Amino acid sequence: MLHISSHVTIPDSEIDIHAMRSQGAGGQNVNKVSSAIHLRFDIAASSLPPFYKEELLKLRDHRISDDGVITIKAQQHRSQEQNRADALERLQLLIQSVAIPRKKRKATKPTKSSQNRRIESKKRKGRLKGLRGSID
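On a predicted model such as this, the values are computed, not experimentally measured, just so you know.

Caption draft 1: Local environment of the environment of S79. Locating S79 in the fold gives a position in the loop between β5 (69–74) and α3 (80–97). For S79, a relative accessible area of 22% translates into the label partly exposed. Expressed as a C-alpha distance, the spacing of S79 and I100, which sit 21 residues apart in the sequence, is 32 Å. For S79, the side chain forms a polar contact with the side chain of Q82, separated by 3.2 Å.

Below is the structure:
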């Protein structure tokens, strides 16, 4: 069971985990041992509450496909167990990130004095550049 919050858990049967060989440098260990973990989690077919599903599908994350499947590849560690824990932790953090409500942006306008300072700065720069011209 993957615990997302005190009320939300994901059963292990909904998380598809496959071991495969890691990519990149690493010597003989990379060629012999299947230590990388490929995790797949189908959002629509999961037992997550509807709020979590909607928010996850709204996310613009490269790990979430158009079909609503989260794909995480963990191959940072040398052992399969560490990579499995890393992949599950990354899935947990991704799902927990949608539970935190985003702050609404307050529309603001620049103050009159900050507008004046900006204009004066532009005038000063313009005068300075004007003095750089050739002398007749």
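Caption draft 2: Structural detail: the pattern of salt bridges. Scanning all chains against the criterion turns up 4 salt bridges. Residue E55 pairs with K58 through a salt bridge whose shortest N-O separation is 3.1 Å. Residue E55 and its partner K58 are located together in helix α2 (residues 50–58), separated by 3 residues, close to a single helical turn. The exposure class of K58 is exposed, given its relative accessible area of 58%. Here E120 makes a salt bridge to K123, at a shortest N to O gap of 3.8 Å. Pair noted here: E120 and K123 are both in helix α4 (residues 112–130), with a separation of 3 residues, about one helical turn.

Caption draft 3: Geometry of the nonpolar core. Core analysis: the largest hydrophobic core is formed by 21 residues, its most contacted members being I10, F41, L48, L56, I70, L91 and I95. Those elements giving two or more residues to this core turn out to be β4 (36–42), α2, β5 and α3. Among the elements that line this core, the one with the most residues is α3, at 4 residues. Residues contacting L56, with those up to four places away along its chain left out, are I43, L48, I64, I70, L94, I95 and V98.

Caption draft 4: Layout of the packing of aromatic side chains. Taken as a whole and assessed by the stated rule, the structure comprises 1 aromatic pair. Residues F51 and Y52 carry aromatic rings whose centres are separated by 5.8 Å and whose planes lie at 75 degrees to one another, so their mutual orientation is edge-to-face. Classification of Y52 by relative accessible area gives buried; the value is 10%.

Caption draft 5: Representation of the sheet that holds β5 within the structure. What the 3 strands build is an open sheet, ordered β3-β4-β5; its pairing is antiparallel. Pairing within the sheet leaves two strands with one partner each, and these edge strands are β3 (15–20) and β5. Put simply, the sheet's adjacent strands are angled 15 degrees from each other on average, direction ignored.

Caption draft 6: How the structure looks around α3. If you check α3, its first and last C-alpha atoms are 26 Å apart, about what 18 residues at 1.5 Å a residue would give, namely 26 Å. Where α3 is concerned, the buried positions are N83, D86, A87, L91, L94 and I95. Summarising the axial view, the buried residues of α3 lie within an arc of 165 degrees, below the 170-degree limit, and thus occupy one face. Contacts made by the buried residues of α3 are with β1 (2–3), β2 (9–10), β3, β4, α2 and β5.

Conventions adopted
Residues numbered from 1 in each chain as written. Predicted model: local features only at pLDDT ≥ 70, side-chain atom pairs only at ≥ 80, totals over all residues. Heavy atoms only, no water. Helix = DSSP H or I, 4+ residues; strand = E, 2+ residues; numbered from the N terminus. Buried < 20%, exposed > 50% of the residue type's maximum accessible area, 1.4 Å probe, protein only. Polar contact = N/O pair within 3.5 Å; in protein donor to acceptor, adjacent residues only side chain to side chain. Salt bridge = Lys/Arg side-chain N within 4 Å of Asp/Glu carboxyl O. Core = buried A, V, L, I, M, F, W, Y, C linked by side-chain atoms within 4.5 Å. Contact = heavy atoms within 4.5 Å. Phe/Tyr/Trp six-rings, centres within 6.5 Å; stacked < 30°, edge-to-face > 60°. Pairing = 2+ DSSP bridges. Axes fitted to C-alpha atoms, helices over the stretch in contact; angles between N-to-C directions. Expected span 1.5 Å × (residues − 1). Arc of directions from axis to C-beta.

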